[in-house]
Amino acid sequence: MQAPDEASFRAEARGWLAANLAGEFAPLVGSGGPGREHELIVQRMAWERRLGEDGWIGIGWPEGDGGRGLPWSHQVIFQEEYARAGAPARVGHIGEQLLGPTLLMFGTAEQRGRFLPGILTGTQLWCQGYSEPDAGSDLAAVATRARLDGAEWHIDGQKVWTSLAQFADWCFVLARTDPAAQRHHGLSYLLVPMRQPGIEVRPIVQLTGTAEFNELFFDDARAAATDVVGAPGDGWRVAMGTLAIERGVSTFGQQLGFQREFEAVLANARAAGALADPDIAARIVEAWVGLQVMRYTALTTLGQSGSGAPGA
Ligand SMILES: Cc1cc2nc3c(=O)[nH]c(=O)nc-3n(C[C@H](O)[C@H](O)[C@H](O)COP(=O)(O)OP(=O)(O)OC[C@H]3O[C@@H](n4cnc5c(N)ncnc54)[C@H](O)[C@@H]3O)c2cc1C
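Anyway, here's the lowdown on the structure attached to this text. (Residues numbered from 1 in each chain as written. Predicted model: local features only at pLDDT ≥ 70, side-chain atom pairs only at ≥ 80, totals over all residues. Heavy atoms only, no water.)

Regarding the packing of aromatic side chains
1) Next: One pass over the structure, following the stated rule, counts 14 aromatic pairs.
2) Next: Relative to Trp-170, the ring of Phe-115 lies with its centre 5.0 Å away and its plane at 75 degrees, an arrangement referred to as edge-to-face. Pair noted here: Phe-115 is in helix α5 (residues 109-120) and Trp-170 is in strand β4 (residues 170-176), with a separation of 55 residues, a long-range link.
3) Next: A residue is classified by how much of its surface remains accessible, and Phe-115, at 1% relative accessible area, is buried.
4) Next: Looking at Trp-170, the relative accessible area reads 15%, which means it is buried.
5) Next: One aromatic cluster in this structure is built from Phe-9, Trp-16, Phe-25, Trp-47, Trp-56, Phe-78 and Tyr-82.
6) Next: The lysine or arginine in question, Arg-68, covers the ring of Trp-56, its NZ or CZ lying 4.2 Å from the ring centre.
7) Next: Sitting over the face of the ring of Phe-217, Arg-202 holds its NZ or CZ atom 4.0 Å from the ring centroid. (Phe/Tyr/Trp six-rings, centres within 6.5 Å; stacked < 30°, edge-to-face > 60°. Helix = DSSP H or I, 4+ residues; strand = E, 2+ residues; numbered from the N terminus. Buried < 20%, exposed > 50% of the residue type's maximum accessible area, 1.4 Å probe, protein only. Lys NZ or Arg CZ within 6 Å of the ring centre and 35° of its normal.)

Here you go:
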């Protein structure tokens, strides 16, 4: 299908958001941002389903996989309009922005057919199980291990900083499946159901008093033998594919959301006469510079992706 021109697509997105962020969803405007991740969570999950019903999830995915096949430009426009409308922080972005594109790149037809519809309809939430207490920047130090026994992987270990795990139905887990292999070798990318006795989720309460992050403990947790993306032992390549798309189109929306917060802070500082304080003025300038860097980094990333291939 030919993509609509950018102006009419922008009008369509803006119109849809205005019409739908009303009634039961009106209280969601501006909700769920940093420090408020817990806010109106049930309503925000319902909002995910509303987005899905009207085809606003996975708009860049191929039509054959349930998306709309829209180019980057349109995806950015949607993100811009979403932020401008003050629409709520997404609960489903890890599935839509990370796991979905990963399955499009590396998943089997069976995996795409089984998992993409739940993401597209906003009915299945995902979290990302990469970081561990001793494997953050040094991700290849992952020590969570999985052992294949018949039809199931048996998983033991710990993840940390797992965003939104308390709401997730599934987690994509980077685990060591070949105990003899070192570092980047012998890892596998497993799709693990969250609601099972072998998984414990412990929220990490932040300075704000709320918890976006969690610790995840695996004690003989199970995943189906077939729920591995890419070949067993080839998890590093798949995990890097996911990371390559993590800072894509959605960064624009985030940047616009931060821009709105920045403007509110600036207005408050002006009203309170706080800009005369050089420390406050310097911090505000620093935040503004950070916003510009974020914006131009995202533009550069998208510019380099040329053909629109995810991860380029
Ligand atoms: C908002 C947010 C959401 C997140 N959500 C998730 C999630 O859902 N799932 C998940 O798996 N993870 C998540 N993370 C975790 C994130 O990926 C890790 O924070 C990241 O991998 C860094 O690991 P670390 O925090 O252990 O820091 P460390 O790796 O311990 O780094 C600490 C500091 O040391 C520096 N450093 C590290 N190594 C070197 C080096 N070799 N040379 C010089 N400096 C170095 C780092 O730059 C950093 O300043 C999230 C993080 C944030 C901030």
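Quick word on helix α7 (residues 250-271)
1) Next: Its 22 residues give α7 an end-to-end C-alpha distance of 32 Å, which sits within 8% of 32 Å, the value for a rise of 1.5 Å per residue.
2) Next: Every buried residue of α7 is listed here: Ser-250, Thr-251, Phe-252, Gly-253, Gln-255, Leu-256, Gln-259, Phe-262, Leu-266 and Ala-269.
3) Next: Buried residues along α7 sit against α3 (72-84), α4 (93-106), α6 (235-246) and α8 (278-304).
4) Next: A positive phi of about 70 degrees marks Gly-273, the residue just after α7. (Expected span 1.5 Å × (residues − 1). Contact = heavy atoms within 4.5 Å.)

Overview of the site of the ligand
1) Next: As a matter of local geometry, the ligand sits amid Gln-128, Tyr-130, Ser-131, Gly-136, Ser-137, Trp-161, Thr-162, Ser-163 and Phe-213.
2) Next: Taking Tyr-130, its main chain carries an N or O atom lying 3.0 Å from an oxygen atom of the ligand.
3) Next: Protein contacts shield 37% of the accessible area of the ligand, which totals 980 Å² for the unbound molecule.
4) Next: Looking at side-chain class alone, the shell around the ligand contains three nonpolar, six polar and no charged residues. (Near = heavy atom within 4 Å. Polar contact = N/O pair within 3.5 Å; in protein donor to acceptor, adjacent residues only side chain to side chain. Areas by Shrake-Rupley, 256 points an atom, 1.4 Å probe, with all protein chains shown as cover. Nonpolar A, V, L, I, M, F, W, Y, C, P; charged D, E, K, R; others polar.)

A closer look at the nonpolar core
1) Next: Among the nonpolar cores identified, the biggest contains 26 residues, and Leu-99, Trp-126, Phe-172, Tyr-189 and Leu-191 are the most heavily contacted of them.
2) Next: Where this core is concerned, the elements lending two or more residues are α4, α5, β4, β5 (187-193) and α6.
3) Next: Considering each element in turn, this core owes the most residues, five residues, to α4.
4) Next: Setting aside its immediate chain neighbours within four residues, Phe-172 contacts Ile-94, Leu-98, Leu-99, Trp-126, Cys-127, Gln-128, Gly-129, Tyr-130, Tyr-189, Leu-190, Leu-191 and Thr-242. (Core = buried A, V, L, I, M, F, W, Y, C linked by side-chain atoms within 4.5 Å.)

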